[in-house]
Amino acid sequence: MKKIALAAALLATFFLFTAQPARTQDPSTVVSGIQKKYASINDLKSPFTQETLIKDLGEKIASSGKVWFKKPGMMKWQYEEPWKDTIVSDGKKVWYFDSRENQVTEMELESVWADSLGSYTVISILEDLDRLFDVRPGAVSTDGRGNVLLDLKQKNQEQSKQVTIAVDPKTYMLREIIIGDIFGNTTVIKLGTAEVNLGIPNSFFAFKKPKEAGVVTFP
């Protein structure tokens, strides 16, 4: 159950991540800055930390690793702690490798989300933020580090996940993604200093099945 919650939070993330105080910038200004910034980014690499709270169990799962994104729909999450798990998408399919079970789960990307976000990666979403989401200020306008908080609700979706992003108001780079679900589970992903426009080849996002790993395929 823990691993399922962890993977589900990450896939939600795929479709959809001291500064001046937020009161000096209205949300429309911040959104415009975010979109302009990510329109200039074709690929991105960043370290990350992740903490998932499973409400019913009263337990937190902490993990960390590196993530890569590339437009239009490629990504790779490489976990380093506590498990050597991997989530990869080449823009058409998604593979999740569970290192402890030595098992791969393979899914069609469009089946992960039954809507237009299926072909997006995080940097593409941020480039197109105001068209894909209704954006409003977070309940608290800034976090403890001065980042602007914005609540996102996916347009044309009655039941949308609760998503809040924290953005540096000087650089407009994504610093944190907070995802909640109807069961009260919460996942917080914090991104480190990103390297952008590295020219990452598409082949980097080709999944290579670990030796002797089992495969489970979903439509």
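Cut-offs and rules
- Residues numbered from 1 in each chain as written.
- Predicted model: local features only at pLDDT ≥ 70, side-chain atom pairs only at ≥ 80, totals over all residues.
- Heavy atoms only, no water.
- Buried < 20%, exposed > 50% of the residue type's maximum accessible area, 1.4 Å probe, protein only.
- Helix = DSSP H or I, 4+ residues; strand = E, 2+ residues; numbered from the N terminus.
- Pairing = 2+ DSSP bridges.
- pLDDT = per-residue confidence, 0-100.
- Contact = heavy atoms within 4.5 Å.

Colleague: How should the pairing of strand β11 (residues 186-191) be read in this particular structure?
Modeller: Side chains on a regular strand alternate between the two faces of the sheet. Covered by surrounding structure in β11 are Thr187, Ile189 and Leu191 only, the residues Thr186, Val188 and Lys190 on the alternate face being uncovered. The sheet contact formed by strand β1 (residues 43-54) and β11 spans six bridges and is antiparallel. Each residue of the ladder has a partner; that of Leu53, found in β11, is Thr186. Bridge count for strand β10 (residues 174-180) against β11 is five bridges, and the pairing is antiparallel. Of the residues in β11, the one forming a bridge with Ile179 is Thr187. Two successive antiparallel strands, β10 and β11, enclose a turn made up of five residues, where Gly184 displays a positive phi of approximately 90°.

Colleague: Can you walk me through the confidence of the model for the protein chain in this structure?
Modeller: Residues shown with low pLDDT carry predicted positions that ought not to be read at fine detail. Confidence in the prediction of the protein chain, expressed as mean pLDDT, is 84, and 81% of residues score 70 or more. Helix α1 (residues 2-14) is the least confidently modelled element of the protein chain, averaging 54 in pLDDT, while strand β12 (residues 195-196) averages 97, the highest of any element. Counting interchain partners and residues more than four positions distant, the pLDDT-below-50 stretch residues 15-24 has 36 contacts.

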